[in-house]
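Overview (structure and organization)
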Amino acid sequence: MSTPCVLVLAGLDPSGGAGILADAEAIRAGGARPLCVPTAITVQTTRSVRRWEPVAHSLFTACAHALLEEENIRAVKVGMIGEAKIAKLIREWLSHRRDLPVVVDPVLQASSGTLLFRGSLEAAREAYLSLAEGGVLTPNLAEAQVLGDGPPDAAKLLAQGPRAVLLKGGHLPGDPVDVLATAEGIEEFRAPRIKVTARGTGCRLSSAMAAGLARGVKLRDAVIGAREFVRAYLSRQAP
Ligand code: PLP
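An account of the accompanying structure is given in this report.

Calculation notes
- Residues numbered from 1 in each chain as written.
- Predicted model: local features only at pLDDT ≥ 70, side-chain atom pairs only at ≥ 80, totals over all residues.
- Heavy atoms only, no water.
- Salt bridge = Lys/Arg side-chain N within 4 Å of Asp/Glu carboxyl O.
- Helix = DSSP H or I, 4+ residues; strand = E, 2+ residues; numbered from the N terminus.
- Buried < 20%, exposed > 50% of the residue type's maximum accessible area, 1.4 Å probe, protein only.
- Contact = heavy atoms within 4.5 Å.
- Polar contact = N/O pair within 3.5 Å; in protein donor to acceptor, adjacent residues only side chain to side chain.
- Expected span 1.5 Å × (residues − 1).
- Pairing = 2+ DSSP bridges.
- Core = buried A, V, L, I, M, F, W, Y, C linked by side-chain atoms within 4.5 Å.
- Axes fitted to C-alpha atoms, helices over the stretch in contact; angles between N-to-C directions.
- Parallel < 35°, antiparallel > 145°, perpendicular 65-115°, else oblique.
- Left-handed = near helix turned anticlockwise from the far one by under 90°.
- Nonpolar A, V, L, I, M, F, W, Y, C, P; charged D, E, K, R; others polar.
- Near = heavy atom within 4 Å.

So, the pattern of salt bridges
Scanning all chains against the criterion turns up 14 salt bridges. For the salt bridge of Arg118 with Glu53, the shortest nitrogen-to-oxygen distance reads 4.0 Å. Of this pair, Arg118 sits in the loop between strand E5 (102–104) and helix H4 (121–132) while Glu53 is found in strand E3 (residues 49–54), placing the two residues 65 residues apart along the sequence. We classify Glu53 as partly exposed; its relative accessible area is 39%. Between Arg227 and Asp178 there is a salt bridge, with the nearest N and O atoms lying 2.8 Å from each other. Remark: Asp178 occurs in strand E8 (residues 177–182) and Arg227 occurs in helix H8 (residues 219–235); sequence separation between them is 49 residues. One salt-bridge network, held together by shared partners, links Arg51, Glu53 and Arg118.

Section: the environment of Arg227
The class for Arg227 is buried, based on a relative accessible area of 13%. Those residues within four positions of Arg227 in sequence are excluded, and the remaining contacts are Asp178, Phe189, Arg190, Ala191 and Leu205. There is a polar contact of 2.8 Å between the side chain of Arg227 and the side chain of Asp178.

Details of the side chain of Asp178
On the accessibility criterion, Asp178 (9% relative accessible area) is buried. From its side chain, Asp178 meets the backbone nitrogen of Gly169 in a polar contact 3.2 Å long. Apart from residues no more than four positions distant in its own chain, Asp178 is found in contact with Leu166, Leu167, Lys168, Gly169, Gly170, Glu187, Glu188, Phe189 and Arg227.

Focus on helix H7 (residues 201–214)
With 14 residues, H7 ought to run about 20 Å at 1.5 Å a step, and its terminal C-alpha atoms sit 20 Å apart, in line with that. When you tally the buried positions in H7, you get 13 out of 14 residues, the bulk of the element. Of the residues one or two after H7, Gly216 is the one with positive phi, at around 90 degrees.

A closer look at the pairing of strand E9 (residues 185–190)
When E8 meets E9, the two strands line up antiparallel, connected through 6 bridges. Its bridge partner being in E9, Val177 is matched across the sheet by Arg190. Between E8 and E9, which pair antiparallel and follow one another directly, the connecting turn spans 2 residues.

Brief notes about the nonpolar core
Judged by nonpolar contacts, the single largest core of 50 residues is most densely connected at Leu7, Leu9, Phe60, Val78, Ile81 and Ile90. Ignoring sequence-local partners within four residues, the contact set of Leu9 consists of Val37, Thr39, Phe60, Val76, Lys77, Val78, Gly79, Met80, Ile90 and Trp93. Counting 29 residues, the second-largest nonpolar core is a separate cluster that includes Ala75, Val103, Ala210 and Tyr233.

Examining the side chain of Asn140
As for its placement among the helices and strands, Asn140 is situated in the loop between strand E6 (136–137) and helix H5 (141–148). Since its relative accessible area comes to 16%, Asn140 is described here as buried. Among the polar contacts made by the side chain of Asn140, one reaches the main-chain amide nitrogen of Glu143 at a distance of 2.8 Å. If near-sequence neighbours (up to four positions away) are discounted, Asn140 is found in contact with Leu167, Lys168 and His171.

Thoughts on the packing of H7 against H8
Close contact between H7 and H8 brings their axes to 8 Å; oriented N to C, the two are set at 140 degrees. Classified by the interaxial angle, the pair formed by H7 and H8 is oblique. Note that H7 runs across H8; the crossing there is right-handed. Contacts between H7 and H8 pair Thr201, Arg204, Leu205, Ala208, Met209, Gly212 and Leu213 from the former with Leu219, Ala222, Val223, Ala226, Arg227, Phe229, Val230, Tyr233 and Leu234 from the latter.

A word on the packing of helix H1 (residues 19–29) against H7
Relative placement of two packed helices is described by the angle separating their axes and the distance separating the axes. The N-to-C vectors of H1 and H7 enclose an angle of 40 degrees; their axes lie 8 Å apart at closest approach. In terms of orientation, H1 and H7 fall into the oblique class. Of the two possible hands of crossing, H1 and H7 adopt the one that is right-handed. Across the interface between the two elements, Gly19, Ala22, Asp23, Glu25, Ala26 and Ile27 of H1 pack against Cys203, Arg204, Ser207, Ala208 and Ala211 of H7. Here the residues of the contact of H1 with H7 are counted per class, giving 6 nonpolar, 2 polar and 3 charged.

Here we look at the site of the ligand
Near the ligand you find Gly11, Ala18, Gly19, Gln44, Met80, Val107, Ala110, Ser111, Leu116, Arg199, Gly200 and Cys203, and these make up its full shell. Ser111 is positioned such that a nitrogen or oxygen atom in its side chain is 2.7 Å from an oxygen atom of the ligand. Contacts to the ligand include Arg199, whose side-chain N or O atom sits 3.1 Å from an oxygen atom. Along the lines of polarity and charge, the residues of the shell around the ligand split into 6 nonpolar, 5 polar and 1 charged.

As structure tokens, this is what we get:
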């Protein structure tokens, strides 16, 4: 059997801190093969995002169709979509592949401030929630606030249609807590804070989870494995 592949639909950060280069790194480390189709190209250095443009829809669709036709895709990871139309295209293709686990890491804004979605908050909410229907949604606190239209709440987001929500608490002071909400209930994952600043932790966590799911690992174990991978990545960063 060939190595299971994860189809990544996300933005290109040419500096590699976040986006599809970070996704590819995490997926390889997780024992799967990354197939990366950029939704958008960002003009970006390790310091900040300067601007970005979406990739032509016909080219984006052709890339994904070719891979879906020929490769052993076992999971999908969606990151920055940039605009609502991209979500519509992805939903159309995935409607033929309902067997595939999908991990959706919503991307709205870079840490440096640039908005990474063109459209209203309402449009962003609808686009990301529609992609996460039946899949796994991995928002941070700010993204959960936008998607849930209120204080961050994993259970409330779960009621909007995902199979699971992993609400990441890394931006709260103190030791971070991630909250996993599924039909089985709520589980909290805690660990001591690693005091570094690092980019692309959300991209890496969601991609490592997708790699686990592609290899047939159960969701809870995929979350545990992905958290370990991100903690090892953080430990390698300079303080
Ligand atoms: N660029 C791309 C393509 C991204 O996907 C993201 C975040 O997911 C960013 C930039 C922003 O990364 P950061 O929050 O580390 O600035």
